Amino acid sequence: MLDTARRYRKEDLSPESQVTARLEAIRRSGLNAFVTVDERGARLQAAGAAERIAEGDEGLLLGIPVAVKDNICTKDLRTTCSSTILSSFVPPYDAHVIELLRRQGAVIIGKTNLDEFAMGSTTNTSAFGPTKNPWDPSRTPGGSSGGSAAAVAAGLCDAALGSDTGGSVRQPASFCGITGLKPTYGSISRYGLVAFASSLDQIGPMGRSARDTAVLFDAIRGYDPRDSTSSPGEYTPTSLDGLDLRGIRIGVPGVFFSEGLSRDVERSVRFAVSLFEELGAETVPIELPHIRYGVAVYYIIAPAEASSNLARYDGVRYGLRKADEKDLFDMYCETRAQGFGDEVKRRIMLGTYALSAGYYDAYYRKASLVRSLIAEDFRRAFTRCDMIAGPTVPVTAFGIDEMVDDPLSIYLLDIYTIPANLAGIPALSLPCGFGDNGMPIGLQLMAPAFKDNVILGAAMTFQDHTRFHEVRP
Amino acid sequence: MKLSEEEVLHVARLARLRLDRDEVARFRKELSAILDYMDMLGEIPDHGGQPYIHVHAGMNAMRNDVLAPSLEIGEVLRNAPGVHGGSFEVPRVIDED
């Protein structure tokens, strides 16, 4: 993305030809990374950006083809959440982040595939079929922002937006060998992001490098009164100089290197930590005693919030309606039975149960208590270190048809990514090696709330000394 | 199994989901297994703690109460599966007798 912006200024590339090349790449890719491609709109936006560049506008996003996860509303451009129930929904307004991107002249090239309503880790639950991993099309790109990650890795766009509720930006970034940030909760407005689990959802930028990711992050964050969780704090631009690692304390939690972690992932992550040490950082062993409860807490809280958020899909105001039902109650039940896929139904059922009379205290309230303990674990750890390093996912990308029958075993793969969402802190994944099967491996960095710049800077410095992010599928 | 068939049907009714026979059996099995996993939370004592509220607890972002235009009715109704005049159309809610 930054390379593209530079080439626009040197006039050896124009936004129109860049957009044409990306559209051609999308057509040829065979990855099913996009649900909707906006060819006409993209060409119009590219022409507008070219004019602004000619007038001397220095904006880094001008004319840059950006792909957007299909759960972020785009005015007059279909937004499906990869669900049958919204397959013909055309939003009457832009999400806050889309308003910002348009204002800065980015080209919205299309909408990317996801697990239905962002519930999943493979894109397999999409009503439009799974996306393929550009490194090996028989494997999953991860999820739920799998379309965005595959599109960035395969060069179908210059950067992309995803959303991350329990790892949905970082896990596919790890599986596809790109950089993806789950920002601090509250730093990016969710106005126009289709709600899944409101106390956890964040929109996140994804790019080929940490610098691309940082530029996109700066472009979309900021206070927005239309999201009541939006933080009104100061927003200073992220430095692109990288972080001087001398004297930086990196916490290494033992619990992130215990059972279930595959050996090749561990090897690459330990290599990354030792490189940080060579660059002057100091490693500190830390304890996060309640992390082991993270998956249980998450799979109570997220489905509970989802069951409430998804109650709006009732066949009345938008989306699918099963029309031949005479009775309102039957119309609701039949519409939702036909409009939602298996995983969404499973989570709605789980969440409804966890909130139902007689079970609320045992599940939802209990999960909220333990969530506080997890947040407290991080608060305590960050008194002893500036950031935390570990693997993003215990494994590399697996086959598209593997693990389809056992929901719990897929949930357990979220073990390293869920804690940052539960605690509201920023976390990113960046490429740090390749597994025995040749698939990319992700390193996860986490920092205290609103210290997104620390992990972005550390990632930039890491990428100044490594080439993993430059290897192409 | 933790959940009975009746409980699955009760939850489905609360969630406004019609499930077929196969789904009831499958969800009963899968949800029971997931709830068994959740039992680990019982290891943690209940007393003394506070439920999690917000990552930035204590901060309350209030916006100013200013009038602003909202969406046009036509725009709002554009995605509706049933429209009558300027309203959403739904199946009959109240019986005739």
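Rules and cut-offs
- Residues numbered from 1 in each chain as written.
- Chains lettered and ligands numbered in written order.
- Predicted model: local features only at pLDDT ≥ 70, side-chain atom pairs only at ≥ 80, totals over all residues.
- Buried ≥ 20, exposed ≤ 12 C-beta atoms within 10 Å, placed from the backbone.
- Helix = DSSP H or I, 4+ residues; strand = E, 2+ residues; numbered from the N terminus.
- Contact = placed C-beta atoms within 7 Å.
- Domains from an automatic or database assignment.
- Nonpolar A, V, L, I, M, F, W, Y, C, P; charged D, E, K, R; others polar.

Draft legend 1. Structural detail: helix α4 (residues 96–103) of chain A. All names here are of chain A. Among all positions in α4, only H96, V97, I98 and L101 are buried. Those residues of α4 that are buried lie in contact with β2 (65–69), β3 (107–112), β4 (159–164), β6 (202–207) and α7 (210–220). A positive backbone phi angle near 85° is found at G105, which sits one or two residues after α4.

Draft legend 2. Representation of the domain arrangement of chain A within the structure. Residues and elements named next belong to chain A. When the domains of chain A are assigned, the result is domain 1 (2–245 + 389–470) and domain 2 (292–366). Summarising the inter-unit geometry, the C-alpha centres of domain 1 and domain 2 are found 27 Å apart. In this assembly, 28 residues from domain 1 lie in contact with 22 residues from domain 2. Those elements that provide at least two residues to the side of domain 1 that touches domain 2 are α13 (407–411) and α14 (418–423). With 3 residues, α14 is the single largest residue contributor to the side of domain 1 that touches domain 2. When the residues that make up the side of domain 1 that touches domain 2 are grouped by side-chain class, the tally is 17 nonpolar, 8 polar and 3 charged.

Draft legend 3. Just the environment of P134 of chain A, in detail. Inspection of the secondary structure assignment puts P134 of chain A in the loop between β3 and α5 (146–153). The spatial distance from the C-alpha of P134 of chain A to the C-alpha of V152 of chain A is 9.7 Å, given a sequence separation of 18 residues.

Draft legend 4. A look at unusual backbone geometry. All names here are of chain A. Here the bond from G143 into S144 is cis, since omega is 10°, no more than 30 degrees from zero. Relative to the helices and strands, S144 is located in the loop between β3 and α5. In this model, T123 sits at a positive phi of 65°, which is unusual for a non-glycine residue. With respect to the helices and strands, T123 occurs in the loop between β3 and α5. Overall, the presence of 32 C-beta atoms within 10 Å leaves T123 in the buried class. Located in the positive-phi region is F450, a residue other than glycine, with phi close to 70°.

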